[in-house]
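Observations on chain architecture
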Amino acid sequence: MITLDLSKAKLNEDLESYKDTVKDIHEMIHNKTGAGNDFLGWVELPKNYDKAEVELIKETAIKLREKTDILLVCGIGGSYLGARAAIEAINGLFPANDVEIIYVGNTFSSNYIKQVSDYLEGKDFAINVISKSGTTTETSIAFRIFKEMCEAKYGKEGAKERIVATTDKARGALKTLATEEGYTTFVIPDDVGGRYSVLTPVGLFPIAMAGIDIDKMLSGAKDAMVKYANPDLDQNDAYKYGVARQILHKAGYAAEMFVTYELQLAMVAEWWKQLYGESEGKENKGILPTSATFSTDLHSLGQFIQEGSKVLFETIMQIKEPAGDMTIPSDKDDLDGLNYLAGKSVDYVNKQACQGTIDAHVNTGNVPNILITLDKMDAYGFGYMVYFFEISCAMSVYLLEVNPFNQPGVEIYKKNMFKLLGKPGY
Ligand SMILES: O=P(O)(O)OC[C@H]1O[C@](O)(CO)[C@@H](O)[C@@H]1O
């Protein structure tokens, strides 16, 4: 399902020398003995997930899909990126899905929130509010606004049938509010942190609302869980990726650019950036995760990558089989000179662009490239890919001797902001 090619990664160390350390870290992850070990629920989640809750998610989604034209997914960071990544990667940017998904609660932009509320006028909508802590301010403000709109439109009882809360089982303001209001509530397991939560109800409910088969997604993740449970570095591509990026970091590369060749994978890159950035960037350590969509960004960033300062390596995420394709037509006048491509598919051109770019960046530009290929970006493939990156992230960050599961630095801006806003207690 996923293949890894390190032949163009320009590694100056032998992977073999990491074998023992990798085995030790593998044991640490699986026996839950490392830093942050109370957040390892995602490791066996594809097998241990709450089956009854997933059934309830599917039933609730079927019922709500009949009732609504729009679902507002209200959450930020790990409480929305995974769902959005899946929905856009699988359904595309102009989906045929009968429920339109709109993301809110991910910004303080008054322009954005006002535009969404204007857009909702006269339309049918429902809300899934998602927050593990239940106290995230971006999410709370948006939820207060859209809950009020929902109640004004459908009445308190009607709104109750259109609002679903996903939060901690016991703690937080959102849990209290959801219980008080009587909303359908899904639980985020205690031992799964936000950026590792896409395969919990956090991601599963919105993904099911978008008409995607969540059983297939979980089965992709389960197959990856089995595949990457091998402690032997020689046999484990997820661990090899984790090691390779640390070798490059040690060699002086400060940034990793996650590259896709599909516009609809831009949110997969955003999800990946939070996963790696929030897991790794602490104690003044870590690789800066960045992203680009090619060939689009070759026309903006391509110059820097090719000839600019040598600060980054690329991780190229290719999809073997496109979900859609078109043939380039022949033209009798050939005024644009494109007849040499007539009869070829657009995906064929995309793949040649990818090969040509890898060659240019690696061989001419001296930029290390890690190549990751996923067979197909469907529900199964997405689940498989999620697990691949989660387990390789844990391995990679533990190699850096950092706790992959906390994010203490995020609180500092919040404290300053609360003080400026006059929040009681600050
Ligand atoms: O689900 P919550 O608690 O609203 O948090 C959303 C996001 O905010 C963070 O806690 C950072 O502030 C992320 O780790 C998390 O994914």
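Predicted model only: the values in this text are computed from it and were never measured. (Residues numbered from 1 in each chain as written. Predicted model: local features only at pLDDT ≥ 70, side-chain atom pairs only at ≥ 80, totals over all residues.)

1. Focus on the overall build of the chain
Test applied: Helix numbering and strand numbering both begin at the N terminus, where a helix is a DSSP run of H or I of at least 4 residues and a strand a DSSP run of E of at least 2. Radius of gyration: over C-alpha atoms. The globule rule applied is 2.2 Å multiplied by the number of residues raised to the 0.38 power. Counts of 20 or more other C-beta atoms within 10 Å of a residue's own C-beta define buried residues, counts of 12 or fewer define exposed ones, and intermediate counts define partly exposed ones; C-beta atoms are placed from the backbone. This entry defines residue contacts through backbone-placed C-beta atoms, with two residues in contact when those atoms are within 7 Å.
Of regular secondary structure, the chain possesses 15 helices and ten strands. Since a compact globule built from 426 residues should have a radius of gyration of about 22 Å, the 22 Å found for the chain is in line with a globular shape. Burial status across the chain gives 43% buried among its 426 residues. Long-range contacts, defined as pairs at least 24 residues apart, comprise 79% of the intrachain contacts of the chain with a sequence gap of at least 6.

2. Observations regarding the UniProt feature "active site" (unreviewed entry) in the chain
Put simply, the test is: UniProt positions are given in the numbering used here, feature names are shortened, and annotations may be inferred rather than shown by experiment.
Per the UniProt entry, the sites bearing "active site" (unreviewed entry) are E278 and K414 in this numbering. Setting aside its immediate chain neighbours within four residues, E278 contacts R195 and Q407. With respect to the helices and strands, the residue K414 is situated in helix 15 (residues 411-421). We classify K414 as partly exposed; it has 14 C-beta atoms within 10 Å.

3. Observations concerning the sheet that holds strand 9 (residues 312-321)
Inclusion rule: At least two bridges found by DSSP between two strands is the condition for calling them paired. Helix axes are fitted to C-alpha atoms over the stretch in contact, other axes to C-alpha atoms as well, and angles between N-to-C directions run from 0 to 180 degrees.
Taken together, the five strands give an open sheet; going across it, the order is 1-10-9-7-8, and neighbouring strands pair in mixed fashion. The sheet terminates laterally at strand 1 (2-5) and strand 8 (288-293), the two strands that pair on one side only. On average, each strand axis in the sheet is tilted by 20 degrees relative to the strand beside it, whichever way the strands run. Sheet topology places strand 9 next to strand 10 (residues 369-376); seven bridges connect them, and they run parallel. The partner of Q318 across the bridge, within strand 10, is T373. Sitting on the sheet, helix 11 (residues 266-280) touches strand 7 (255-260) and strand 8, and the angle it makes with strand 8 is about 175 degrees.

4. Some thoughts on the site of the ligand
The criterion, for reference: What makes a residue near a molecule or strand is its C-beta atom, placed from the backbone, lying within 6 Å of it. Polar here means any residue other than Ala, Val, Leu, Ile, Met, Phe, Trp, Tyr, Cys and Pro, which are nonpolar, and Asp, Glu, Lys and Arg, which are charged; Gly is therefore polar.
If you check the shell around the ligand, you find 14 residues, and the closest are G77, G78, S133, T136 and G194. Tallied by class, the residues present in the shell around the ligand amount to two nonpolar, nine polar and three charged.

5. Description of the nonpolar core
For clarity, the cut-off: What makes a nonpolar core is a set of buried Ala, Val, Leu, Ile, Met, Phe, Trp, Tyr and Cys residues, with links drawn between C-beta atoms within 7 Å. Note that the domain bounds were set by an automatic or database domain assignment.
Counting 120 residues, the largest nonpolar core has C74, A86, I207, I212 and F388 as the members making the most contacts within it. Of the residues forming this core, the biggest block, 16 residues, is contributed by helix 14 (residues 379-399). Here this core spans two domains, since at least three of its residues come from each of domain 1 (2-33 + 218-400) and domain 2 (44-212). Residues contacting A86, with those up to four places away along its chain left out, are V198, G203, I207, I212 and F382.

6. With respect to helix 14
Selection criterion: Expected helix span is computed as 1.5 Å times (number of residues minus one).
Taking 1.5 Å as the rise per residue, helix 14 with 21 residues should run 30 Å; its terminal C-alpha atoms sit 31 Å apart, in good agreement. With 21 of 21 residues buried, helix 14 lies mostly within the body of the structure.

7. As for the domain arrangement of the chain
For the chain, the assigned domains are domain 1 (2-33 + 218-400) and domain 2 (44-212). Measuring from the centre of the C-alpha atoms in domain 1 to the corresponding centre in domain 2 gives 29 Å. Taken together, the 24 residues of domain 1 in the interface contact 21 residues of domain 2. At the level of elements, helix 9 (214-227), helix 11 and helix 14 are the ones that each hand at least two residues to the side of domain 1 that touches domain 2. In terms of residues, the side of domain 1 that touches domain 2 owes the most to one element, helix 11, which gives eight residues. Residues belonging to the side of domain 1 that touches domain 2 are distributed by class as follows: 15 nonpolar, four polar and five charged.

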